[in-house]
Amino acid sequence: MFLADLPRSRWKNGQGERATIVEGDGWSLSHAWIEADVPFSDFPAMDRTCVLLAGGGLSLLFDGRPGVDLPTPGTAQSFPGQWRARARLSDGPCHVVNVMTSRTRFTHTVEISRQLTGSGYAVVLAGSIDCDGIVARFGDTVTSPCDGVGSSDLLVIGVMLQPVSGSTVREQPT
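Residues numbered from 1 in each chain as written. Predicted model: local features only at pLDDT ≥ 70, side-chain atom pairs only at ≥ 80, totals over all residues. Heavy atoms only, no water.

Undergrad: What exactly am I supposed to notice about the nonpolar core here?
TA: Most often, soluble globular proteins keep nonpolar side chains buried together rather than apart. By size, the foremost hydrophobic cluster in this structure holds 19 residues, and its most contacted members are Leu 29, Val 97 and Ile 157. Core analysis: the next-biggest nonpolar cluster, separate from the first, contains 17 residues, Ile 34, Cys 50, Leu 70 and Leu 89 among them. (Core = buried A, V, L, I, M, F, W, Y, C linked by side-chain atoms within 4.5 Å. Buried < 20%, exposed > 50% of the residue type's maximum accessible area, 1.4 Å probe, protein only.)

What follows is the structure, given as structure tokens:
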């Protein structure tokens, strides 16, 4: 899935832009572009992970809870979707990857790695990977596992979904 081919749409709250990479019933993997200090959309009953893909860093501020910094690409933070979150940019616009799962149906794991690990999705953070003859670069996503050859500087955001008992992972057309 090439980043350049993904259609963009407004966030649920209208405050930013997103591009869905892949989603299913109860889960989503997407890109988001943050141009200014903005509130995040509320997603009650969802667990979220935000990973900085590019930009000068941002802070995630939560009502009544300590904030966290995502200072460099590849840093991540997980939090419950019902927490009121606000992004404060450190040094200009940022591009993030968001993972959201319904906590009654799925859990998710996000891992920054130099190789494809596990079964799920991998968003290229740096370098490139040739996966079955298709070359994925910055921001592109491949399905893992794949018979791929990564560049020496490959760095990926690995996303693995684990169904809660009785659920299955199924992609829906975007």
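Undergrad: What should I look at first to understand the packing of aromatic side chains in this one?
TA: Aromatic rings considered in pairs are described by the distance between their centres and by the relative angle of their planes. Per the counting criterion, the structure on display carries four aromatic pairs. Taking the centre distance of 5.1 Å and the plane angle of 70° together, the rings of Phe 62 and Trp 83 count as edge-to-face. Remark: Trp 83 occurs in the loop between strand S8 (76-80) and strand S9 (85-89) and Phe 62 occurs in strand S6 (residues 58-62); sequence separation between them is 21 residues. For Phe 62, a relative accessible area of 6% translates into the label buried. Judged by its relative accessible area of 24%, Trp 83 is partly exposed. Its end group placed over the ring of Trp 33, Arg 8 keeps NZ or CZ at 3.5 Å from the ring centre. The lysine or arginine in question, Lys 12, covers the ring of Phe 43, its NZ or CZ lying 4.4 Å from the ring centre. (Phe/Tyr/Trp six-rings, centres within 6.5 Å; stacked < 30°, edge-to-face > 60°. Helix = DSSP H or I, 4+ residues; strand = E, 2+ residues; numbered from the N terminus. Lys NZ or Arg CZ within 6 Å of the ring centre and 35° of its normal.)

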